[in-house]
Amino acid sequence: MIGIYIYDTITREGMVRRLMGESSNRIATDRAPQSSISRRQYLASGTAVGVGAALGGCLGSDDGLTVGYALPFTGTYAMLGESIVNGFELYLEQSDGEIDGQEVETVKRDTEADTNRGVDVTRELMVEEQADAIVGPVSSSVAIAMMQTIENEASAIWLNANAGDYRVVEEGCLNYHFRTSFNDWQTSAPLAEWVYDNVADNVCLAYADYAFGQNSKNFFQKAFEEVGGEVVDEVGAPLGTDDYSTYLSDIESSGADAVFSFFAGSDAVNYISDFADYGLDAEMTQVGSGFLLSEDTLPAQGEAALGMYSLLHYTPTQETDRNQEFIGNYREAYDSSANVYACQGYDSAQAFAAAVAEAGSSDPDEMANALGGMELDSPRGSFWFNSETHEAIQNMYVREVVESDRDQPVENQVVETIDSVEGPNWGCNLE
Amino acid sequence: MVETFLRATLLGVQLGMTLALIAAGLTLIFGMLDVINFAHGALYMLGAYFGAVIAVNLGSFWLALVLAPLLVGLIGAAIEVLSLRPLYGRNPLYHILLTFGFAIMIQGAIVQIWGGQARRIAQPDLLTGTLSIGSLNYPIYRLFVLVVSTVLIAAVWLAIDRSNLGILMRASAHDTEMVDALGINVSKVFTSVFVFGAVLAGLAGVLLGASRSVNPGMGMGIIIEAFVIVVIGGLGSFRGAVYAGLLIGLVTAYGALIAPTLTDLFLFGLMAVVLMIKPNGLFGTTEAA
């Protein structure tokens, strides 16, 4: 997912990034050494002992496993990066820091949601840190920039814990790539038929005008027209729009009975609140991709979001035992509520553990072969990796925002489950 | 179509007046203290966060509207007295670096304390809902912001133009040594101006915090717009800040109507054109620049 809180102009983005980057590099270097120093110490001792240690390394018996986080820990996506790490480490904690009997070391590298940083970080993690798995990134543009490096180095599997752009599969189609999260088709197209059957046969489309928003809108439109629905108008607003008054005029004058929207982060907060401010919620039904009404935006959207529908692969209020257990453990460990990103981090750890156990080694090709088609028991409900595309084949949930008796005024409640959604394969066949 | 246009106009004027509140502080501080205050956006953001915290904990938007700007004023006072004061008369670069540092620190502190999630100040019940003017529906809260900002701007204008304090402020800016020699405590005047600017920014933070999201990036977002306004209006000119604020507000609103993706291009294009024709801004004097 791209674009939480990012500003619409290059200047602003640059300013924010430079600022956050400068202040945060210090934080990052405060944190990272714990792992990277021990690694360097290990290497140093290896050189000293010489051939023996080198042989030991080859045998891999006491080498341990290394996980590299290529995630944003500063800037606008910091919260997402932190949640993914929390989820991943919750799993590690539950398995005593070991996977398949081997010690797991984690290395954090801050991508700052910057495409260039993403490439450097990936190379560092793969070459210097000898990571066996790369977890990340958050932003799709970073993911697309990383593809080449992952393919060239060919030394780690890539657990994509959030970046949902379908082009990672269409253009990359990497054997090492596994989406432990979602793709932009999954969070939009499957909603079309449900909307047609339950809400309206005509919609207006509203979207944040950047790759992810455009993809979501296009996928929804195609699916909606295929089931016989009509798209009467579409309205694109630049990323980082503070005030949606003008766009809401266009949406209102489209005369549609429903509006399908893609906005995320603070854009979603502004858009939904303005929608209610102008009283449009009385005129048309709001439906959208899950990020429009997610756990990180609902506290700010509050009652303005009541009665709106969205589609996502995970909802923290899911009543299954597996999920309740996950939510409970997460709260115990971090004293906060698990969100979709934490679930994606947790499942990345599950995927890595399953890959190592099944392959019996940390060889990336063997791990990738082991993971294709593998099923994971996730808090979101079991899902498996499509063996052609390595996308997650998973349930998608239609949720309605309802009043809550928990610590927030409103929450999502699942109203319908769309089972095991399998998307297009974008011409990628890894089998 | 007419409604859309009317709505955009109302929005533009409202946005312009609120931006003018922020830019006014920025331009006054520059005009009087010769300080380019990069922390001004961070003070606006602090206003919004304080407002959000007060509104949640004390349950009153009105208390937030009064208390949050005062708290921001206190922080402004601390910044001016403890850090800026020793640097007056030195290379302006020191002020830029210092206030830029404050902007980063405040932003960092906000992320540490309140996290990166967007939030929003709840609008008071009295001001929720829409008002119908003919066939035009407009949210009452936005009309409220429009009225409050306009009244405040008018009051500040009068104060600077007519009151003794205003005359003193202008005199201090014009010739600090002379005013000092007349037995007036200039450093007190400077502190007042800085605090006054901070309070205005904090007020704008609370007002806008209930109609757009409150997040750690908002300070950096607004400072760019505020600088564009100050540059167009003329550095140090209050009148310039108000006119340029209105201009930018309207350009933003109409821009979204005509070509949303080009809005920023319009803003910076406008600034470029103004600078080409009047290098000191619309109301700038050569002296101020």
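Quick caveat, the model's predicted, so the values are computed rather than measured.

Looking only at helices and strands, one finds 11 helices and two strands in chain B. Its helices and strands taken in sequence order, chain B reads α-α-α-α-β-β-α-α-α-α-α-α-α from the N to the C terminus. Since a compact globule built from 289 residues should have a radius of gyration of about 19 Å, the 19 Å found for chain B is in line with a globular shape. Projecting the C-alpha coordinates of chain B onto the three principal axes gives extents of approximately 60 × 50 × 35 Å.

By definition, a disulfide links two cysteine residues through a covalent bond between their sulfur atoms. All names here are of chain A. Under the criterion given, the structure shown has one disulfide over all chains. In this model, C173 is linked to C428 through a disulfide, with the two sulfur atoms separated by 2.0 Å. Looking down the S-S bond of the C173 and C428 bridge, the torsion is 80°, so its handedness is right-handed. Here C173 is found in the loop between α7 (167–172) and β6 (177–179), whereas its partner C428 is found in the segment after β15 (410–421), with 255 residues between them in sequence. Accessibility expressed as a relative area gives 0% for C428, which makes it buried.

Counted under the stated rule, the structure contains 40 aromatic pairs over all chains. When the centroid spacing of 5.6 Å and the interplanar angle of 85° are considered together, the rings of F383 of chain A and F385 of chain A count as edge-to-face. Side by side, F383 of chain A and F385 of chain A carry an identical accessibility label, which is buried. Centroid distance W157 of chain B to F238 of chain B: 5.8 Å. Interplanar angle 90°. Geometry classified as edge-to-face.

A separate point is unusual backbone geometry. Outside of glycine, negative phi angles account for most residues, and trans bonds account for most peptide bonds. Residues and elements named next belong to chain A. The step from G136 to P137 runs through a cis peptide bond, and the omega angle for that step is -10°. Phi at Q130 is positive, roughly 50°, even though this residue is not glycine. Phi at H390 takes a positive value of approximately 65°, unusual for a residue other than glycine. Along the chain, the position of H390 falls in the loop between β13 (383–385) and β14 (392–403).

Within the secondary structure, S216 of chain A is located in helix α9 (residues 211–226). Apart from the residues within four sequence positions on either side, S216 of chain A is in contact with D184, S188, F260 and F262 of chain A.

Contacts between chain B and chain A engage 37 residues on the former and 36 residues on the latter. Here chain B meets chain A over a buried area of about 3200 Å², counting both sides, of which 57% is carbon and sulfur. Together, R7, Q117 and R120 of chain B form the three largest contributors to the area buried by chain B at its contact with chain A, with a combined 18%. Linking chain B to chain A there are six salt bridges. Close ionic contact of R7 of chain B with E252 of chain A constitutes a salt bridge, the shortest N to O distance being 3.3 Å. Scanning the region where chain B abuts chain A turns up 10 residue pairs in polar contact (both at pLDDT 80 or more). Going through the elements one at a time, α1 (2–33), α4 (92–114), β2 (136–139), α9 (218–233), α10 (238–258) and α11 (263–277) of chain B are the ones with two or more residues in the side of chain B that touches chain A. Sort the elements by how many residues they give to the side of chain B that touches chain A and α9 of chain B lands first, with five residues. Considering only residue class, the side of chain B that touches chain A consists of 16 nonpolar, 14 polar and seven charged.

All names here are of chain B. Here G76 is to be found in helix α3 (residues 61–84). By relative accessible area, G76 is classed as buried at 0%. Sequence separation between G76 and S149 is 73 residues; the distance between their C-alpha atoms is 21 Å. Setting aside anything within four residues of it in sequence, one finds G76 in contact with F194, V195 and A198.

Residue and element names in this part refer to chain A. With respect to the secondary-structure elements, L174 resides in the loop between α7 and β6. For the pair L174 and N429, spaced 255 residues apart in the sequence, the C-alpha separation amounts to 9.7 Å. In contact with L174, other than residues within four places in its own chain, are M147, I150, E151, W158, H390 and L430.

With that settled, the discussion passes to the nonpolar core. Grouped burial of nonpolar side chains is what soluble globular proteins tend to show. With 112 residues, the main nonpolar core has I134, I251, Y271 and F352 of chain A as its most contacted residues. No other element matches helix α14 (residues 340–359) of chain A, which puts 13 residues into this core. In this structure, F38, I79, F194 and I248 of chain B belong to the second largest nonpolar core, which totals 83 residues.

Looking now at the sheet that holds β6 of chain A. Each strand in a sheet pairs with another by means of backbone hydrogen bonds, the pair being arranged parallel or else antiparallel. Residue and element names in this part refer to chain A. Strand order in the open sheet made by the six strands is β2-β3-β1-β4-β5-β6, with mixed pairing throughout. Both edges of this open sheet fall to β2 (98–99) and β6, since each of them pairs with a single strand only. Inspection of the sheet shows strand β4 (residues 133–135) paired to strand β5 (residues 157–160) by three bridges, in the parallel sense. In the sheet register, V135 faces β5, and the bridge partner there is L159. Sheet contacts for helix α4 (residues 78–94): β1 (65–71), β2, β3 (102–110) and β4; angle to β1, the most-contacted strand, approximately 160°.

Conventions we followed
Residues numbered from 1 in each chain as written. Chains lettered and ligands numbered in written order. Predicted model: local features only at pLDDT ≥ 70, side-chain atom pairs only at ≥ 80, totals over all residues. Heavy atoms only, no water. Helix = DSSP H or I, 4+ residues; strand = E, 2+ residues; numbered from the N terminus. Rg over C-alpha atoms; globule rule 2.2 N^0.38 Å. Disulfide = S-S within 2.5 Å. Buried < 20%, exposed > 50% of the residue type's maximum accessible area, 1.4 Å probe, protein only. Phe/Tyr/Trp six-rings, centres within 6.5 Å; stacked < 30°, edge-to-face > 60°. Contact = heavy atoms within 4.5 Å. Buried area = accessible area lost by both parts, 1.4 Å probe. Salt bridge = Lys/Arg side-chain N within 4 Å of Asp/Glu carboxyl O. Polar contact = N/O pair within 3.5 Å; in protein donor to acceptor, adjacent residues only side chain to side chain. Nonpolar A, V, L, I, M, F, W, Y, C, P; charged D, E, K, R; others polar. Core = buried A, V, L, I, M, F, W, Y, C linked by side-chain atoms within 4.5 Å. Pairing = 2+ DSSP bridges. Axes fitted to C-alpha atoms, helices over the stretch in contact; angles between N-to-C directions.

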